[in-house]
Amino acid sequence: YGGAGKALGVGIAPFTSAPDAVSSSLAKQIQSVMREDLLFERLFSITEGGPVVGSKLDSSAWSGLGAQVLVTGDVKADGPHVRLECRIYDVSSGKILWGKEGTGAQISARRLAHLMSDQVTYQLSGQPGIAHTRIAFVNNHTGKKEIYVMDYDGANVRQLTHLHTITLLPKWSPDGKWIAFNSYRAGNPDAYLMSADGLNRHGLSMRQGLNTSPN
């Protein structure tokens, strides 16, 4: 920012919501997730504590807190779904620089927040965000090594395999839709492929001997 290597001051205004309790709770959750995402990127100087943006942006208040741009969000629960409208304001002029709306299932509100965070990161830095990243890993919580996935921040842990044997070495496909892995399900270290939700599992290489580390 300013050609001097200074981090851009990004303010995060309190997210607004529809007047019902569910929308209010979702707004707090989504704002918290997006805040942590933007902090984790370490690209910006994050500022909070300013007023809610109503019909007009209080430029002097946010400028006094060190914000050059301001991120706002408005959340509304709609049945099992949630709608998020996000905007970026220029603090000095009060003009809207960018806006986007997204919808998703309420149970996937964190995912919606991560995706919107990455949009904001890209708009403000030109770099793709990583908040939508998921991690595949092996855990033996059940007494057997199985493959799990989670969000990059450790939330939404899900067990994908239930093979009750040694299952290891998960590797994402480039498009993020598939996971290759090894399993001793048939008594031999065979290579398998499954979709990212743990379904559509089939063998890749079942030759006798080592079919390890599929990639």
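Higher on the page you've got the structure.
Residues numbered from 1 in each chain as written. Predicted model: local features only at pLDDT ≥ 70, side-chain atom pairs only at ≥ 80, totals over all residues. Heavy atoms only, no water.

Enquirer: Would you mind showing me how to read unusual backbone geometry here?
Expert: In terms of backbone geometry, most residues other than glycine have negative phi values and most peptide bonds are trans. In this model, Asn 156 sits at a positive phi of 55 degrees, which is unusual for a non-glycine residue. Along the chain, Asn 156 turns up in the loop between β8 (146–151) and β9 (158–159). Since its relative accessible area comes to 43%, Asn 156 is described here as partly exposed. (Helix = DSSP H or I, 4+ residues; strand = E, 2+ residues; numbered from the N terminus. Buried < 20%, exposed > 50% of the residue type's maximum accessible area, 1.4 Å probe, protein only.)

Enquirer: Quick question: what am I supposed to make of the packing of helix α1 (residues 21–41) against helix α3 (residues 109–125) here?
Expert: For any two helices packed against each other, the geometry comes down to the angle between their axes and how far apart the axes lie. Between α1 and α3, whose axes approach to 9 Å, the crossing angle comes to 45 degrees. When the axis of α1 is compared with that of α3, the two are oblique. Once α1 is placed against α3, the crossing between them reads as right-handed. Between α1 and α3, the residues in contact are Leu 26, Gln 29, Ile 30, Val 33, Met 34, Asp 37, Leu 38 and Glu 41 and Ala 109, Arg 110, Ala 113, His 114, Met 116, Ser 117, Asp 118, Val 120 and Thr 121, respectively. Its residues placed into classes, the contact of α1 with α3 shows nine nonpolar, four polar and four charged. (Axes fitted to C-alpha atoms, helices over the stretch in contact; angles between N-to-C directions. Parallel < 35°, antiparallel > 145°, perpendicular 65-115°, else oblique. Left-handed = near helix turned anticlockwise from the far one by under 90°. Contact = heavy atoms within 4.5 Å. Nonpolar A, V, L, I, M, F, W, Y, C, P; charged D, E, K, R; others polar.)

Enquirer: What exactly am I supposed to notice about the sheet that holds strand β7 (residues 134–139) here?
Expert: Think of a sheet as strands paired side by side through backbone hydrogen bonds, with each pair either parallel or antiparallel. Sheet architecture is open: three strands sit in the order β7-β8-β9, paired in antiparallel fashion. Looking along the sheet, the strands with just one partner apiece sit at the ends: β7 and β9. The sheet contact formed by β7 and β8 spans six bridges and is antiparallel. Bridge pairing in β8 places Val 138 opposite Ile 147. (Pairing = 2+ DSSP bridges.)

Enquirer: I would appreciate a short explanation of the nonpolar core in the present structure.
Expert: Where a protein is soluble and globular, its nonpolar side chains tend to be buried together. Formed by 25 residues in total, the largest nonpolar core has its most connected members in Phe 15, Ile 30, Met 34, Val 75, Leu 84, Cys 86 and Val 120. At the level of secondary structure, the elements contributing two or more residues to this core comprise β1 (8–12), α1, β4 (69–78), β5 (81–90) and α3. Looking at this core element by element, the count peaks at six residues for α1. Grouped together as the second largest cluster of nonpolar side chains are nine residues, Ile 147, Leu 163, Ile 179 and Phe 181 included. (Core = buried A, V, L, I, M, F, W, Y, C linked by side-chain atoms within 4.5 Å.)

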